[in-house]
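Single-letter residue listing:
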Amino acid sequence: MKPNVKKDLKMKLKINININSKPSTVRSILLQIITEAGYNKTEIDELITKAILFTTAPAARREMLRPNQEIEQRWYNSIKQGNPDFDVYNTPWYIAECFACWKVYSRKYLRNCEVSGVFDIITTVNNVLDLGCGVGITTATLADRFPNAEIIGTNILFSMQYNIAKIFGQHFNFKVMEDIPEKRVDIVFASEFFEHLKVPTFYLQYILMKADPKILIVANTFGSPAIGHFPTYLTHEGPTQSGRETARDFTSMLRYYGYKNLDCHFWNNRPQVWSKF
């Protein structure tokens, strides 16, 4: 009898991904899901190693290596030409970068929220939204942390990361959607998401009006170079502004809609936690 590969894989993945999961364990699970999605896991595994080395390199070393980052250079060249190449999200290197960013950044943000008690502010969490969920690792972690809640990750429809995240969700109990649901959300988590939008404050307003989150956990690095990040941004009215100016407007909009910043004293102020009940 021919083995049921998908069923066997599901049996292998009866391991929870949680805030304390080892990167090696998560990497192994991700590679299994990449195989199930029909992509080349050997290629992506090699790229993950390179992406981690680049992401964890000292700032000066990273700047020396940056000109050799083909996909990142392709992105910024497309911006200079006035036609952003969003196909960079559909590359094996971007999948590798998603893992590296989780290992170095998002995992720490989630731990900060757990240790500080941010996740306990709401007694009963009914739903959680992970904006720009990448391959779904943070989303799976949130699903483990809030087992009785509806967990939704958003992603670019039919991209490599969307396809991988969707399978991830089948194994780890979360949904992947292109847009946010039309209902109030208890917690919104956004790790380096708004930098990927040319008018981030416009989408922030959309989130606040449509999802009206009780808690917004956000880690922004406007203006920092990375695949999909814009070097400058637009306001609602149109003028171009710097990353610093965009961060200021982002904060102003949150306060305008009644959100208060919870001073959690996280290193480098990341993530920021905003609440409104």
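Rules used throughout
- Residues numbered from 1 in each chain as written.
- Predicted model: local features only at pLDDT ≥ 70, side-chain atom pairs only at ≥ 80, totals over all residues.
- Heavy atoms only, no water.
- Helix = DSSP H or I, 4+ residues; strand = E, 2+ residues; numbered from the N terminus.
- Rg over C-alpha atoms; globule rule 2.2 N^0.38 Å.
- Buried < 20%, exposed > 50% of the residue type's maximum accessible area, 1.4 Å probe, protein only.
- Contact = heavy atoms within 4.5 Å.
- Areas by Shrake-Rupley, 256 points an atom, 1.4 Å probe, with all protein chains shown as cover.
- Pairing = 2+ DSSP bridges.
- Axes fitted to C-alpha atoms, helices over the stretch in contact; angles between N-to-C directions.
- Expected span 1.5 Å × (residues − 1).
- Bend = angle between axes of the 7 residues up to and from the residue.
- 1 Å grid on protein atoms, 1.4 Å probe; cavity = no way out; pocket = protein on both sides within 12 Å on 5 of 7 lines; lining within 4 Å.
- Points joined across faces, edges and corners; volume = space filled by probe spheres on them.
- Nonpolar A, V, L, I, M, F, W, Y, C, P; charged D, E, K, R; others polar.

Colleague: What is the right way to read the overall build of the protein chain from this model?
Modeller: When its secondary structure is counted, the protein chain shows 10 helices and 9 strands. Since a compact globule built from 277 residues should have a radius of gyration of about 19 Å, the 18 Å found for the protein chain is in line with a globular shape. With respect to the principal axes defined by its C-alpha atoms, the protein chain has extents near 65 × 50 × 30 Å. Within the span of the protein chain, comprising 277 residues, buried residues form 49% of the whole. Here the contacts in the protein chain between residues at least 6 apart in sequence split such that 71% fall between residues at least 24 apart. Surface summary for the protein chain: the accessible area is close to 13700 Å², and the carbon and sulfur share equals 52%.

Colleague: Got a minute to help me understand the sheet that holds strand E3 (residues 175–177) in this structure?
Modeller: Strands pair in a sheet through their backbones, by hydrogen bonds, and they do so in one of two ways: parallel or antiparallel. Strand order across the open sheet formed by 7 strands is E3-E2-E1-E4-E5-E9-E8, with mixed pairing between neighbours. Across the chains shown, the open sheet's two edge strands, defined by having one partner strand only, are E3 and strand E8 (260–262). Across the sheet, the mean angle from the axis of one strand to that of its neighbour is 25°, orientation sign disregarded. The pairing of E8 with strand E9 (residues 272–275) spans 3 bridges and is classified as antiparallel.

Colleague: Help me out: how do you make sense of helix H6 (residues 92–116) in this one?
Modeller: An α-helical segment advances 3.6 residues per turn. Residues three or four places apart therefore align on the same side. Look at H6: 35 Å from first C-alpha to last across 25 residues, which is about the 36 Å you get at 1.5 Å a residue. Along H6, the largest kink reaches about 50° and is centred on tryptophan 102. After H6 finishes, the residue glycine 117 shows a positive phi value of roughly 90°.

Colleague: So what exactly am I meant to see when it comes to empty space enclosed by the protein here?
Modeller: Any space left empty among the atoms is revealed by the rolling of a water-sized probe across them. Under the counting rule described, the total for this entry stands at 1 cavity of 30 Å³ or more. Counted as a void, the largest cavity has a volume near 40 Å³. Along the walls of the largest cavity sit Asn261, Leu262, Asp263, Cys264, His265, Phe266, Asn269, Pro271, Gln272 and Val273, which together make up its complete lining. Those elements that place two or more of their residues in the lining of the largest cavity are E8 and E9. Broken down by class, the residue content of the lining of the largest cavity amounts to 5 nonpolar, 4 polar and 1 charged.

Colleague: Teacher, can you tell me more about the layout of surface pockets here?
Modeller: Looking at the largest pocket, its volume works out to about 1000 Å³. Lining the largest pocket are 44 residues, and of these Tyr94, Ser191, Glu192, His196 and His229 sit closest to its centre. For the lining of the largest pocket, the secondary-structure elements that each account for two or more residues are helix H3 (41–56), helix H4 (59–65), H6, helix H7 (137–145) and strand E4 (187–191). Ranked by residues supplied to the lining of the largest pocket, first place goes to H6 with 7 residues. Considered class by class, the residues forming the lining of the largest pocket number 21 nonpolar, 14 polar and 9 charged. When its volume is computed, the second largest pocket comes out at roughly 250 Å³. Asn220, Thr221, Phe222, Ala247 and Gln272 are, among the 14 residues lining the second largest pocket, the residues nearest its centre. Elements supplying a minimum of two residues to the lining of the second largest pocket: strand E5 (215–219) and helix H10 (243–256). The greatest single-element share of the lining of the second largest pocket, amounting to 5 residues, is contributed by H10.

Colleague: When you look at unusual backbone geometry in this model, what are you seeing that I'm missing?
Modeller: With the exception of glycine, the majority of residues adopt a negative phi angle, and the majority of peptide bonds are in the trans configuration. The omega torsion across arginine 270 and proline 271 is -5°, close enough to zero to call that bond cis. Tracing the backbone shows proline 271 in the loop between E8 and E9. Despite not being glycine, asparagine 173 shows a phi value in the positive range, around 65°. Within the element layout of this structure, asparagine 173 appears in the loop between helix H8 (160–172) and E3.

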